[in-house]
Amino acid sequence: MTDSLMEPFERALADLCADEQVRRSESGEAADAQWAAIDALGYTDVLVSTEQGGAGLSLTDAFPLFFAAGQAGLSHPFAETAIARAILAGAGHAHNGECIAMAAALPQADGAVVCREVPGAALAQQVLVAWRGEWLLMPRALAQSTPGAWRPQASATLRWPSAKLAVRRLPVGDADVVAICNAAHAAGMAGAMARVQAMSIAYVNDRQQFGRAISQFQAMQQELSVLAEQASAATFGARLGCASDTHLPHSLLAATAKLRCSEAASRVAAIAHAVHGAIGITEELALGLFTRRLHEWRACAGTEAGCATLLGHALFAHETGAGQEILDFVRLELAPAAA
Amino acid sequence: MNSTLNSLPLVSIPSGDEALRAPIRDFLRSALRDVPAPVRARTWMGFDADFSKALGREGWIGLALPPEYGGAGRSAFARFVLVEELIAAGAPVSAHWFADRQTAPLILRYGSDAQRQFFLPRLIRGEIFICIGMSEPDTGSDLSSVRTRAVRTETGWRLNGRKIWTTNAHRAQYMCALVRTSGQHGDRHKGLSQVLIDLSLPGITARPIRDLAGDGHFCEVVFEDVELPPDALVGEEGSGWKQVTAELAFERSGPERILTSLMLAETWLSEVKASGQPVPDSVKAIAGRIAGRMAVLRAMSLAVADRLDKGENPEIDASYVKDLGTEFEQTVPGWISEAMEQMPAFLPSEDLLRAHAYITQLAPSFSLRGGTRQILRGIIARSLGLR
């Protein structure tokens, strides 16, 4: 993704995601119209192959777009939609501009399809669900919907009585829904953290106490440096999570990304709120919109413990016999493949 | 809006540089075969002149220095591979380490031709070791307050003063020191210069100070009317501050800022695997956290190496790597404690326990050397527009 492609996208996102608009879409208001405007920018099909009418980009190339969506505060599951469209296009499915959330189904005895706490699901028209080795493309409107714990009007727990409601079914194949969510969410989290950093810096330079801007106090400077370090590490981690020549992430890289972004997110959110003081706790300030997203992302798909356990199992199973097992695992399995 | 495109991209180690790994690892396996874990835990604080000389014979000192001075002319990535292997193995590299990392690039960039011809080949062969004299009894984080002074004489310079915490001053042949050559104490970074001091000259005493683990590596060095030749000066008189600042970028972002505790984690992992004990998921998750955190730091450090290789000075990114990297190194011993507590049936070896005790006690120093955490965060804050 080059600057000339990114700039118009970032500009358009900034216009479409003014704080007031984000608040409205978070409450479900005019969310479809906002999605239509985002989709009309023409970036949602970037991962779809050129034969299928897309741009044929890799996940590596698309990372800056996912990051930018998180940074702008876009309520909709943009990265998930882009990846879902590439998966569906590969099976010859043509879309009608739908916004698509993605999730794994919980195991259910009765054949129902249940997905818990899916970010942005209430704003999506469809959900691409991994269920018993199949992708099910489920119409969201046919689901029994329970408001999400973090974003009650934007996210939801969904229950469909049967997989038969799918408008399209295809084998999951090599794809790993948790890895996809991890890579997509990590990119959004890194973007959101960059935004939280910018908001925090602007605030401490503006806010005066003891006769000067609070940014002049070393205590503030030290805290914000930690925030910036964490946000920077998160961006590297998220980039690593999207390091792939295809539209699908590598599971271990995606887990690394999600783990690192989640670790960073709790510190970033805590520091940002600490430096903002009481105003940061208000509905009026947009900070809460972003920290709420960070907490939601931390809690869904691959959690910190889940990602760390996945990495740990792979590390214990990895045996080069060359004496440096952790180093070898990191450099062979947790690095982007050499060009 | 600050685009992510402004952040450094991911880079991979080119295959030609990666090819260095196998021969280095073979060499280390045989060279360190009989060295126990608690000794290897010292890694870049461990001193072994014979080891450094052997490394020099292999061509692995001054790897990135130009061939005309005996270097291998390799890239920053080749050096990255070398450092990664040395530190991961716990090789005792401190004899040549600091000069290889900082002083050699300094002499190459600012030194006279005679200085380059004299120092670089000897350094590269592991024949001379150079220590770095920065801190003084009243000069720690506030480096520009150095009082050690070199005064011009008819024959060169007369040096008086005192350095402290100078690693290996009692066993190195030279010191590269930051001293005041003009102006007064209080003139801050003006009037500072770097000098290369032959430590065999009369008037110099170096006294090791034992650390809390009982090792004697850092020293107090006293200079009393030491007569230096005119060519002791490196670079320009009065440019010491600028030169030191450039030098510190090499000091802050290398793999040794990430991997100091790795040898402990590797030893723990191999013993747990060999024990045959069932490993709970919670313990695997700790291992996973170590690997995940390290993977991201490695990506950051490689990105900085790429910039250094291109002749840039990514000072802020280097500061990020050092602060996050040393935080990781300091976290590892606690994670290993937690993992061992969760497997009471696993009996770690005495060596593992001693390596763990050593790293746990020395870990606070990881974020002191080369600029404290709080100073680095101040530098970062300035880059964020907060100062």
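These lines cover the structure that appears in this document, whether it is placed above or below. (Residues numbered from 1 in each chain as written. Chains lettered and ligands numbered in written order. Predicted model: local features only at pLDDT ≥ 70, side-chain atom pairs only at ≥ 80, totals over all residues. Heavy atoms only, no water.)

Turning next to the overall build of chain A. The helix and strand tally for chain A stands at eleven helices and nine strands. In terms of C-alpha radius of gyration, chain A reaches 20 Å, essentially the compact-globule figure of 20 Å for 339 residues. Projected onto its principal axes, the C-alpha coordinates of chain A cover approximately 65 × 60 × 45 Å. In chain A, which comprises 339 residues, the share counted as buried stands at 60%. In chain A, the proportion of contacts linking residues at least 24 apart, taken out of those at least 6 apart, comes to 70%. Only carbon and sulfur atoms are counted for the fraction: they give 53% of the accessible area of chain A, which is about 12500 Å². (Helix = DSSP H or I, 4+ residues; strand = E, 2+ residues; numbered from the N terminus. Rg over C-alpha atoms; globule rule 2.2 N^0.38 Å. Buried < 20%, exposed > 50% of the residue type's maximum accessible area, 1.4 Å probe, protein only. Contact = heavy atoms within 4.5 Å. Areas by Shrake-Rupley, 256 points an atom, 1.4 Å probe, with all protein chains shown as cover.)

A separate point is the sheet that holds strand β3 (residues 126-131) of chain A. Residue and element names in this part refer to chain A. Strand order across the open sheet formed by four strands is β1-β3-β4-β7, with mixed pairing between neighbours. The sheet terminates laterally at β1 (100-104) and β7 (168-171), the two strands that pair on one side only. With strand direction ignored, the average angle separating the axes of adjacent strands in the sheet is 20°. Alignment of β1 against β3, held across five bridges, turns out to be parallel. Its bridge partner lying in β3, A104 is registered against A130. Helix α5 (residues 78-90) rests against β1, β3, β4 (134-139) and β7 of the sheet, and its axis sits at about 80° to β1. Along the sheet, helix α6 (residues 177-206) contacts β1, β3 and β4; its crossing angle with β1, the most-contacted strand, is approximately 130°. (Pairing = 2+ DSSP bridges. Axes fitted to C-alpha atoms, helices over the stretch in contact; angles between N-to-C directions.)

Time to look at the packing of helix α8 (residues 251-276) of chain A against helix α9 (residues 287-299) of chain A. Residues and elements named next belong to chain A. At a minimum axis distance of 9 Å, the contact between α8 and α9 shows a crossing angle of 150°. Considering the angle they form, α8 stands roughly antiparallel to α9. Considering the relative orientation of α8 and α9, their crossing is left-handed. On the side of α8, the interface is formed by K258, S262, A265, S266, A269, A272, H273 and H276, while α9 contributes L287, T291, L294, H295, W297 and R298. For the contact of α8 with α9, the class distribution of residues is six nonpolar, six polar and two charged. (Parallel < 35°, antiparallel > 145°, perpendicular 65-115°, else oblique. Left-handed = near helix turned anticlockwise from the far one by under 90°. Nonpolar A, V, L, I, M, F, W, Y, C, P; charged D, E, K, R; others polar.)

Considering all chains together, one arrives at 40 salt bridges over all chains under this definition. E18(B) is the partner of R331(A) in a salt bridge, and the nearest nitrogen-oxygen pair spans 3.1 Å. Here R331(A), found in helix α11 (residues 325-333), pairs with E18(B), found in helix α1 (residues 15-18), and the two come from separate chains. Here the salt bridges share partners, and the residues they tie into one network are D328(A), R331(A), E18(B), R21(B), R25(B), E84(B), E85(B) and R298(B). (Salt bridge = Lys/Arg side-chain N within 4 Å of Asp/Glu carboxyl O.)

This part takes up the nonpolar core. Core analysis: the biggest nonpolar cluster contains 210 residues, and F66(A), F78(A), V129(A), W135(A), M193(A) and W268(B) have the highest contact counts within it. No other element matches the 18 residues that α6(A) contributes to this core. Ranked by size, the runner-up nonpolar core spans 22 residues in total, among them C131(B), A169(B), M175(B) and V195(B). (Core = buried A, V, L, I, M, F, W, Y, C linked by side-chain atoms within 4.5 Å.)

A few words now on the state of the cysteines. What the rule picks out here adds up to zero disulfides over all chains. In this model C307(A) remains outside any disulfide bridge; the closest cysteine sulfur is found in C261(A), 10.0 Å from its own. Just so you know, C219(B) is unpaired, no disulfide at all, and the nearest cysteine sulfur is the one on C131(B), 7.6 Å from it. (Disulfide = S-S within 2.5 Å.)

So, about unusual backbone geometry. Residues and elements named next belong to chain B. Residues other than glycine seldom take positive phi values, yet T43 does so here, at roughly 30°. Residue classification places T43 among the buried residues on the basis of a relative accessible area of 0%. A positive phi angle is found at R188, which is not glycine, with a value near 60°. Along the chain, R188 turns up in the loop between β4 (174-180) and β5 (192-198).

On their own, these measurements won't tell you what the molecule is for.
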